[in-house]
Amino acid sequence: MMCQRCGVRPANISFTKIVNGEKSEAKLCQQCAAEVGEFSFGTGMGMSFQNFLSGLLNQNLWGHSLVPDETSCTNCGLTYNRFRQSGRFGCARCYDAFDEELDQLLRRIQAGTLHKGKTPHQDAQVSKLSELERLQAELKKAVEVEDYERAAELRDAIQALKKEGGL
Amino acid sequence: MDLERVFREHLSSWITQLGPEGDVVLSSRIRLARNLDDILFPSVASEEQLLKGLAMADRFVAKSDRQFKLIRLAGIDEVSRQELVEKHLISPEHAEASPVKGVIVSPAGDISIMVNEEDHLRIQVLKAGLDLHEAYKLADEIDDELAAAMPIAYSPKRGYLTACPTNVGTGLRASVMLHLPGVVYSGQTNQIAGICGKLGLVIRGLYGEGTAPSGEIFQVSNQVTLGYSEEEILTHLTSFCEQIIAEERRLRQYLWESKRDEFEDQVFRALGTLSYARRMSSNEAMELLSRVKLGIDLGIIPKLNSVILKELMVVIRPALLQKIVGQTLGPQERDLTRAGLIRERLSQINS
Ligand SMILES: [Zn+2]
Ligand SMILES: [Zn+2]
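In this text, all values refer to a predicted model and were calculated from it rather than measured experimentally. (Residues numbered from 1 in each chain as written. Chains lettered and ligands numbered in written order. Predicted model: local features only at pLDDT ≥ 70, side-chain atom pairs only at ≥ 80, totals over all residues. Heavy atoms only, no water.)

A few words on the pattern of salt bridges. Under the criterion given, the structure shown has 33 salt bridges over all chains. Salt-bridge contacts for B:Asp23 lead to B:Arg249; the nearest nitrogen and oxygen are separated by 2.9 Å. On the criterion of sequence distance, the pair formed by B:Asp23 in the loop between α2 (13-16) and β1 (25-34) and B:Arg249 in helix α8 (residues 230-258) is long-range, its members being 226 residues apart. Relative accessible area serves as the criterion here: at 33%, B:Arg249 is assigned to the partly exposed category. Between B:Arg252 and B:Glu248 there is a salt bridge; the shortest N-O distance is 2.6 Å. Of this pair, B:Arg252 and B:Glu248 both sit in helix α8, four residues apart, which is roughly one turn of that helix. An identical accessibility class is assigned to B:Arg252 and B:Glu248; each is buried. If you follow the salt bridges from partner to partner, you end up with A:Arg88, B:Glu117, B:Glu118, B:Asp119 and B:Arg122 in one network. (Salt bridge = Lys/Arg side-chain N within 4 Å of Asp/Glu carboxyl O. Helix = DSSP H or I, 4+ residues; strand = E, 2+ residues; numbered from the N terminus. Buried < 20%, exposed > 50% of the residue type's maximum accessible area, 1.4 Å probe, protein only.)

Right, let's talk about the environment of B:Arg34 for a bit. Tracing the backbone through its elements, the reader meets B:Arg34 in strand β1. Residue classification places B:Arg34 among the buried residues on the basis of a relative accessible area of 0%. When the C-alpha positions of B:Arg34 and B:Ile123 are compared, they lie 7.8 Å apart, and in sequence the two are 89 residues distant. With residues up to four places along the chain from it excluded, the contact list for B:Arg34 reads A:Lys118, B:Asp119, B:His120, B:Leu121, B:Ile123, B:Asp143, B:Ile152, B:Tyr160, B:Thr170 and B:Gly171. (Contact = heavy atoms within 4.5 Å.)

The next point concerns the nonpolar core. A:Phe89, B:Ile30 and B:Ile104 are the most contacted members of the largest nonpolar core, which totals 80 residues. Considering every element that reaches this core, the biggest residue donor is α8(B), with eight residues. Membership of the second largest hydrophobic core comes to 47 residues, among which are B:Ala270, B:Met286, B:Ile296 and B:Val307. (Core = buried A, V, L, I, M, F, W, Y, C linked by side-chain atoms within 4.5 Å.)

On to the coordination of the zinc ion (ligand 2), then. Residues and elements named next belong to chain A. Coordination of the zinc ion (ligand 2) by the protein involves Cys73 (SG), Cys76 (SG), Cys91 (SG) and Cys94 (SG), with metal-donor separations of 2.3 to 2.4 Å. In this structure, the zinc ion (ligand 2) is surrounded by four donor atoms whose angles at the metal cover 97 to 122°, and the resulting shape is tetrahedral. All donor residues of the zinc ion (ligand 2) come from one chain, and their arrangement in sequence is C-x2-C-x14-C-x2-C. (Donors = N, O, S within 2.8 Å, 3.2 Å for Na, K, Ca; no water. Tetrahedral: all angles 85-135°; square planar, octahedral: opposite > 155°, others 65-115°.)

Below, the structure is given as structure tokens:
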């Protein structure tokens, strides 16, 4: 996360300011925070986290983009371009639709790209089954809209899941 | 009016108790972001879809044996919405008279589930003092109960799927509210902030309407949600807090010993103003309450209990103030009422 004032150093101080019930937040690096004065800042700092994240997405700091801007999620219709502007996904399927580009983004903003935490309290096999059903439904959709590239990816994912789950 | 009783009727246990390390830590909070699997995220879903989600939440409440209550934000007035913000049960962004927004609350006011905020569901648990693991245990149970009642968006690869990629994975945001006058008065704020940054933690000051941090209160939370387990996130933040607590205590002791006269003077001046002033803004009140709380925690003011100051820091806020006196007040009247309420509470203790 980069500082919203200098854009160079990582931000590690977050300011929340509430004026007349309006909340604004700014994320700054230690040095900028000191320069702005110990915990005081002008009204120009009301940049939103949303703008900041979309700035990060548009900088394309990780080199050339893997996903063409017109790539979209077949479930909600969100394009990668729109995601770049808003920093928000439209649905849970977006995570599959932008899977590759996401790897690079997550490497920057998270501690890794893979989940290490809680698994929902379901029978593991049940969740694999529903994952399989979901992938198959998505494959059907991809074929319908003639997105053969995506369909090929989904076929691979289904194969891998079947192997892994012994289904 | 018996203020002790009235305050306790309005405030949940995480405010009316001190909890572990209560001289430095005000509260611990766990938030889990979750989404329904088959509905688009709230920012793009249709009202009809989101109402479906709200109906699911309603059925969950009916079946649950936790005596939850679902409050529809459009069904209550502006002051009541603001009151929910001041009690930390909803975010300021959620305090909107939208027909799709709701919040599930527990009778004790320690659990809340925001429905259709940025994510479909945001589970939140609050505890007094430093108690992240206990708070998480409860949030985890609520999460299991929700998952048994509705389909939750989850992928084995990325974990719990959220509207913003900064919350994906565990969906866990753990935060601790700290009272750090020792750090602030000795000019160490930026050092602490620097350490936070190196440790992957975010620190924020709680702001009033001015530019100074309100009451030397800070909130520290984890920055990343993916790549670590819940246990790792909780342990990391807890051990950081343990160190900052030790440092804060050391600084308080040092300030008191090295500048005893000045220190005592400041603490008793603050108590004097709180006990006799006729008008008080919430900012001034926070500043003075912070100083008196420090005096109590250091044993300079023996008769008062620190928890009373913690309660006052919450009840002096505009919406809660109006709820407690049971009338609508303009800003000028609020300053008069606020001063009166503080005076009365402190005199009830002294008598
Ligand atoms: Zn900077
Ligand atoms: Zn989507």
